[in-house]
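# Observations on the three-dimensional arrangement
Letter by letter, the chains look like this.
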Amino acid sequence: MNAKIAIMISGGGSNMQAIHQAIISGQIVADLLWVSSDNPQAKGLAYARQHMIPILALPYDKGRAEAEEILLQQIAHQPIDLLCLAGFMRILSPDFVAMCRDKYRVPIINIHPSLLPKLKGLNTHSRALQEKHAEHGCTVHLVNEALDDGAILAQYSLNLAEKMQENITADELAKQVLALEHQLYPRVIAEFAEKFNAGKGDLPSQNVKKYVGL
């Protein structure tokens, strides 16, 4: 039986699309059960509808507690093996993270646009340039109760010092890092699915892998 995954988005869902295309191509041997969003106008939902992927609307306008209760009900009703945050711009509550981990045995992973533990939070590309970091990139990590603090699973980096010599802007850097995200996230999920499908564990590998690109 293939691993079952779900994805949470807030906007365009480009990482969600990269994951889905990796499933279609066979890179990821898993079933995508549903895509959820806190934003009913999220452009990524149009892609999900086009590809007949079930959608779960989250009523964050009624508060985080109610939205997360609907998520937990969905996980209880339709169990998944991995929950992937892909540009989901809400902070999950510690209670929700603990419930997924301890009651439902569902690891949550996220992709963050920096080389954690550097540059947690927002505006990572402009901050990397302002602080003159020698390298920059993206990180896939486990989600725990603290922001951008979970165990690092894999990273993709680029030579930022070299790019600053070319006067790269924050917007240009964001596009290059996003291209790396589209490679890294499916790679990590594919490894999880391969091990899960072989009965070799239900947690992503915490042997940190670092790739270099661009």
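Now for a look at the structure at hand. (Residues numbered from 1 in each chain as written. Predicted model: local features only at pLDDT ≥ 70, side-chain atom pairs only at ≥ 80, totals over all residues. Heavy atoms only, no water.)

Among the residues making up helix α4 (residues 94–103), those that are buried are F96, V97, A98 and C100. Against α3 (64–77), β4 (82–85) and β5 (108–112) lie the buried residues of α4. Remark: R105 follows α4 within two positions and exhibits a positive phi of approximately 55°. (Buried < 20%, exposed > 50% of the residue type's maximum accessible area, 1.4 Å probe, protein only. Helix = DSSP H or I, 4+ residues; strand = E, 2+ residues; numbered from the N terminus. Contact = heavy atoms within 4.5 Å.)

Below, the discussion takes up the sheet that holds strand β3 (residues 55–57). Pairing is mixed across the open sheet formed by eight strands, whose spatial order is β3-β2-β1-β4-β5-β6-β7-β8. The open sheet is flanked by β3 and β8 (209–212), the only strands paired with a single partner. Taking each pair of neighbouring strands and ignoring which way they run, the sheet shows an average axis angle of 20°. With three bridges connecting them, β4 and β5 associate as parallel partners. Bridged to L83 within β5 is I108. (Pairing = 2+ DSSP bridges. Axes fitted to C-alpha atoms, helices over the stretch in contact; angles between N-to-C directions.)

Close contact between helix α1 (residues 14–25) and helix α7 (residues 170–197) brings their axes to 9 Å; oriented N to C, the two are set at 45°. For the element pair α1 / α7, the angle class is oblique. Every pair of crossing elements has a handedness; the one defined by α1 and α7 is right-handed. The residues of α7 that touch α1, namely those facing S14, N15, A18, I19 and A22, are L178, E181, H182, Y185, P186 and I189. Considering only residue class, the contact of α1 with α7 consists of seven nonpolar, three polar and one charged. (Parallel < 35°, antiparallel > 145°, perpendicular 65-115°, else oblique. Left-handed = near helix turned anticlockwise from the far one by under 90°. Nonpolar A, V, L, I, M, F, W, Y, C, P; charged D, E, K, R; others polar.)

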